[in-house]
Amino acid sequence: MEINSEGTDPVVVAVTGEVDLATAPQLEQELADALATPGATGVRVDLSGVEFMDSAGLRVLVAALKSAEDAGLTLTLAAPHERVRRIIEITGLSEVFGLAGKA
């Protein structure tokens with residue numbers, strides 16, 4: 001997995017590769033750092049380069065969303081790969097992340 005962060009409002013965290021039990025802690029740390037960026041009002045997680053995500057990755061995204069909301073920030077998911085979108089839909093998280101109805 002590779003992660004690149006850029007910008008400050010919102011901070012864009014672009015993730016590529018697979019997000020699984022082995023790589024989820026790296027994503028968790030990167031999202032925590034992005035949410036702590038001074039002056040940022042939110043974080044956009046670009047998932048267009050992620051072709052696989054397991055429950056560990058979903059847990060990280062849900063925890064980051066809660067952290068963002070607790071801090072008065074936004075966390076949005078952008079351009080999830082079709083496989084990842086399907087996992088988000090199957091787990092019922094598409095509405096939580098605002099992906100319901102988007103293709």
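Residues numbered from 1 in each chain as written. Predicted model: local features only at pLDDT ≥ 70, side-chain atom pairs only at ≥ 80, totals over all residues. Heavy atoms only, no water.

Colleague: So what about the overall build of the protein chain? Which residues, and what values?
Modeller: A tally of regular secondary structure across the protein chain gives 3 helices and 4 strands. Going from the N terminus to the C terminus, the protein chain shows its helices and strands as β-β-α-β-α-β-α. By the compact-globule yardstick of 13 Å for 103 residues, the protein chain fits well, its C-alpha radius of gyration being 12 Å. C-alpha atoms of the protein chain, sized along the principal axes, occupy 35 × 30 × 20 Å. The buried share of the protein chain, reckoned over its 103 residues, is 38%. Carbon and sulfur atoms form 51% of the exposed surface of the protein chain, whose accessible area is close to 5,500 Å². Between the averaged position of the 7 positive side-chain charges in the protein chain and that of its 16 negative side-chain charges there is a distance of 7 Å. (Helix = DSSP H or I, 4+ residues; strand = E, 2+ residues; numbered from the N terminus. Rg over C-alpha atoms; globule rule 2.2 N^0.38 Å. Buried < 20%, exposed > 50% of the residue type's maximum accessible area, 1.4 Å probe, protein only. Areas by Shrake-Rupley, 256 points an atom, 1.4 Å probe, with all protein chains shown as cover. Lys, Arg positive; Asp, Glu negative; His and termini not counted. Charge placed at Lys NZ, Arg CZ, Asp CG, Glu CD.)

Colleague: Outline the side chain of Arg85, supporting the account with residue identities and numerical values.
Modeller: Inspection of the secondary structure puts Arg85 in helix H3 (residues 82–90). Buried charge without a partner: Arg85 forms no salt bridge, and the closest opposite charge is Glu89, 4.1 Å away. A polar contact is formed between the side chain of Arg85 and the backbone oxygen of Leu99, at a distance of 3.3 Å. (Salt bridge = Lys/Arg side-chain N within 4 Å of Asp/Glu carboxyl O. Polar contact = N/O pair within 3.5 Å; in protein donor to acceptor, adjacent residues only side chain to side chain.)

Colleague: How would you explain the pairing of strand E3 (residues 42–53) if you had to name every residue and give the values?
Modeller: Bridge count between strand E2 (residues 11–19) and E3: 8 bridges; the pairing is parallel. Each residue of the ladder has a partner; that of Val13, found in E3, is Val45. In this structure, E3 lies alongside strand E4 (residues 74–78), joined through 5 bridges in parallel fashion. Bridging across to E4, Gly42 finds its partner in Thr74. Since E3 and E4 lie parallel, the crossover through helix H2 (residues 55–70) that links them has a hand, and here it is right-handed. (Pairing = 2+ DSSP bridges. Right-handed = clockwise from strand over helix to strand, strands pointing away.)

Colleague: Describe the sheet that holds E2, listing the residues and the values that go with them.
Modeller: Spatially, the 4 strands line up as an open sheet ordered E1-E2-E3-E4, and their pairing is mixed. Only two strands of the sheet have a single partner each, and these edge strands are strand E1 (2–6) and E4. The sheet shows a mean angle of 20 degrees between the axes of neighbouring strands, direction not considered. The strands that helix H1 (residues 24–35) touches are E1, E2 and E3; relative to E2, the one it contacts most, it runs at about 175 degrees. Sitting on the sheet, H2 touches E2, E3 and E4, and the angle it makes with E4 is about 145 degrees. (Axes fitted to C-alpha atoms, helices over the stretch in contact; angles between N-to-C directions. Contact = heavy atoms within 4.5 Å.)

Colleague: Got a sec to walk through H2? Specific residues and values, please.
Modeller: Helix length check: H2, at 16 residues, gives a terminal C-alpha distance of 22 Å against a target of 22 Å (1.5 Å per residue), a fit within 8%. Listed as buried for H2 are Ala56, Gly57, Leu58, Val60, Leu61, Ala64, Leu65 and Ala68. As for H2, its buried residues are in contact with E2, H1, E3, E4 and H3. Its side-chain oxygen at 2.9 Å from the backbone nitrogen of Ala56, Asp54 defines the N-terminal cap of H2. (Expected span 1.5 Å × (residues − 1).)

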